[in-house]
Amino acid sequence: MTRDGQVAGPRTDRIRSHLLALRERVATACEKADRNPGDVTIIAVTKTYPASDVRILAELGLTDVGENRDQEAGPKAAECSGLGLTWHFIGQLQTNKARSVARYADVVHSVDRGRLVRALGKGARAEGRELTCLVQVDLDPESAVGVLGPRGGVDPRDALSVAGEIEAEGGLSVGGVMAVAPREGDPGTAFARLHQVASEIRDRYPRARVISAGMSGDLEAAIEHGATHLRVGTALLGDRGPIVG
Ligand SMILES: *Cc1c(COP(=O)(O)O)cnc(C)c1O
């Protein structure tokens, strides 16, 4: 820290300026949508970036971080356990990783099938933890599996039933919905659909208020359609390179 209490260092300066620009974007989008920026949480997606960046983000006041691979997230979360952060698991999840994820994740965004619900419930109970689960919705169910593989998610028509399975499972509660916009087409149309699904789930489970939508490239459209949580990597930490998604 410097004398005026600011965290110092070139990496910190860079992330701080990215964060200021991001907050500006969020504020502008909220103003356009007549929403309160305080109702939109930024989740810093730290995949491929080191624990030292997580520490910097925490020092800059961010409270939520997201990771998409258990092998990377587990050790990073352990290293950062003293920072009081909320950990979001946002990637495709195999049932055999559920117990490990249940150790450190507070919110799992990628819940899209009953088998995973049961594995996460079992893991949460074994670890003595409570997990909030979001139903991942596939906003492009018609498209065939792309070159990069499936992104996961349940058909919008089946989302309410997955929400019910989560609520019925000990150790889990349903927190809302999550989606990734389709690669092609207008993200606004997709996020409007997500908002509809979110409302159906919230009508049944009033505490399920989270809409996790919007990444570096489409967060304005997500805010316009009611996103409560943005998952932002590139715009905060820089390009990850072409291979890791
Ligand atoms: C990597 C990732 C993000 C962040 O994407 P950026 O474009 O870097 O902001 C958001 N959501 C999921 C599911 C991701 O895997």
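As a starting point, this report considers the structure included with it. For clarity, every value in this text was computed on a predicted model and none was experimentally measured.

## So, the overall build of the chain
From N to C terminus, the chain includes 9 helices and 8 strands. Relative to its length of 245 residues, the chain is compact, with a C-alpha radius of gyration of 18 Å against a globular reference of 18 Å. Once the C-alpha set of the chain is aligned to its principal axes, its extents read approximately 55 × 45 × 35 Å. For the chain, buried positions account for 44% of its 245 residues. Long-range contacts, defined here as pairs at least 24 residues apart, represent 57% of the contacts in the chain between residues at least 6 apart.

## Let's talk about the pairing of strand 1 (residues 41-45)
Counting buried positions over the 5 residues of strand 1 gives 4, a clear majority of the element. In this sheet, strand 8 (residues 229-232) lies alongside strand 1 in parallel orientation, the contact comprising 4 bridges. Residue pairing across strands places threonine 41 opposite histidine 229, the latter belonging to strand 8. Direction of pairing for strand 1 relative to strand 2 (residues 64-67): parallel, over a ladder of 2 bridges. If you follow alanine 44 over to strand 2, its bridge partner there is valine 65. After leaving strand 1, the chain enters helix 2 (residues 51-59) and then returns to the sheet as strand 2, a path that is right-handed.

## Some points on the site of the ligand
If you check the shell around the ligand, you find 14 residues, and the closest are Met215, Ser216, Arg231, Gly233 and Thr234. If you list the elements that add at least two residues to the shell around the ligand, you get strand 8 and helix 9 (234-237). For the shell around the ligand, the per-class residue count stands at 6 nonpolar, 6 polar and 2 charged.

## Some thoughts on the environment of leucine 172
Tracing the backbone shows leucine 172 in strand 6 (residues 172-178). Under the C-beta neighbour-count criterion, leucine 172 is labelled buried, with 25 such atoms within 10 Å. Taking the C-alpha atoms as reference points, leucine 172 and phenylalanine 89, 83 residues apart in sequence, are found 14 Å from one another. The residues touching leucine 172, leaving out its near neighbours within four places in the chain, are Val117, Leu120, Gly121, Ala124, Leu131, Cys133 and Ile166.

## Notes on the packing of helix 6 (residues 159-168) against helix 7 (residues 187-204)
Axis angle and axis distance: for two packed helices, these are the angle between their axes and the distance between the axes, and together they describe the pair. Their axes nearest at 9 Å, the elements helix 6 and helix 7 cross at an angle of 40 degrees. With respect to their mutual orientation, helix 6 and helix 7 come out oblique. The chirality of how helix 6 crosses helix 7 is right-handed. Residues Ala159, Leu160 and Ala163 of helix 6 pack against Val197, Glu200, Ile201 and Arg204 of helix 7. In terms of residue class, the contact of helix 6 with helix 7 is built from 5 nonpolar, no polar and 2 charged.

## Points about the nonpolar core
In this structure, Val108, Val111, Leu120, Val135, Val177 and Leu194 are the most contacted members of the largest nonpolar core, which totals 73 residues. When residues in this core are grouped by element, the largest group, 6 residues, is from helix 7. Once residues within four sequence positions are removed from consideration, valine 111 is found in contact with Leu116, Val117, Leu120, Cys133, Leu134, Val135, Gln136, Val162 and Ile166.

## Description of unusual backbone geometry
Negative phi is the rule for most residues except glycine; trans is the rule for most peptide bonds. Unlike most non-glycine residues, aspartate 34 shows phi in positive territory, near 55 degrees. Secondary-structure assignment places aspartate 34 in the loop between helix 1 (10-33) and strand 1. Given 7 C-beta atoms within 10 Å, aspartate 34 falls into the exposed group.

## Regarding helix 1
With 24 residues, helix 1 should cover 34 Å at 1.5 Å per step; its first-to-last C-alpha distance of 35 Å lies within 8% of that length. Listing the buried residues of helix 1 in full gives Ile15, Leu19, Val26 and Ala29. Those residues of helix 1 that are buried lie in contact with strand 1, helix 2, helix 8 (219-224) and helix 9. One or two positions beyond helix 1, positive phi appears at aspartate 34, with a value near 55 degrees.

The rules behind the values
- Residues numbered from 1 in each chain as written.
- Predicted model: local features only at pLDDT ≥ 70, side-chain atom pairs only at ≥ 80, totals over all residues.
- Helix = DSSP H or I, 4+ residues; strand = E, 2+ residues; numbered from the N terminus.
- Rg over C-alpha atoms; globule rule 2.2 N^0.38 Å.
- Buried ≥ 20, exposed ≤ 12 C-beta atoms within 10 Å, placed from the backbone.
- Contact = placed C-beta atoms within 7 Å.
- Pairing = 2+ DSSP bridges.
- Right-handed = clockwise from strand over helix to strand, strands pointing away.
- Near = placed C-beta within 6 Å.
- Nonpolar A, V, L, I, M, F, W, Y, C, P; charged D, E, K, R; others polar.
- Axes fitted to C-alpha atoms, helices over the stretch in contact; angles between N-to-C directions.
- Parallel < 35°, antiparallel > 145°, perpendicular 65-115°, else oblique.
- Left-handed = near helix turned anticlockwise from the far one by under 90°.
- Core = buried A, V, L, I, M, F, W, Y, C linked by C-beta atoms within 7 Å.
- Expected span 1.5 Å × (residues − 1).

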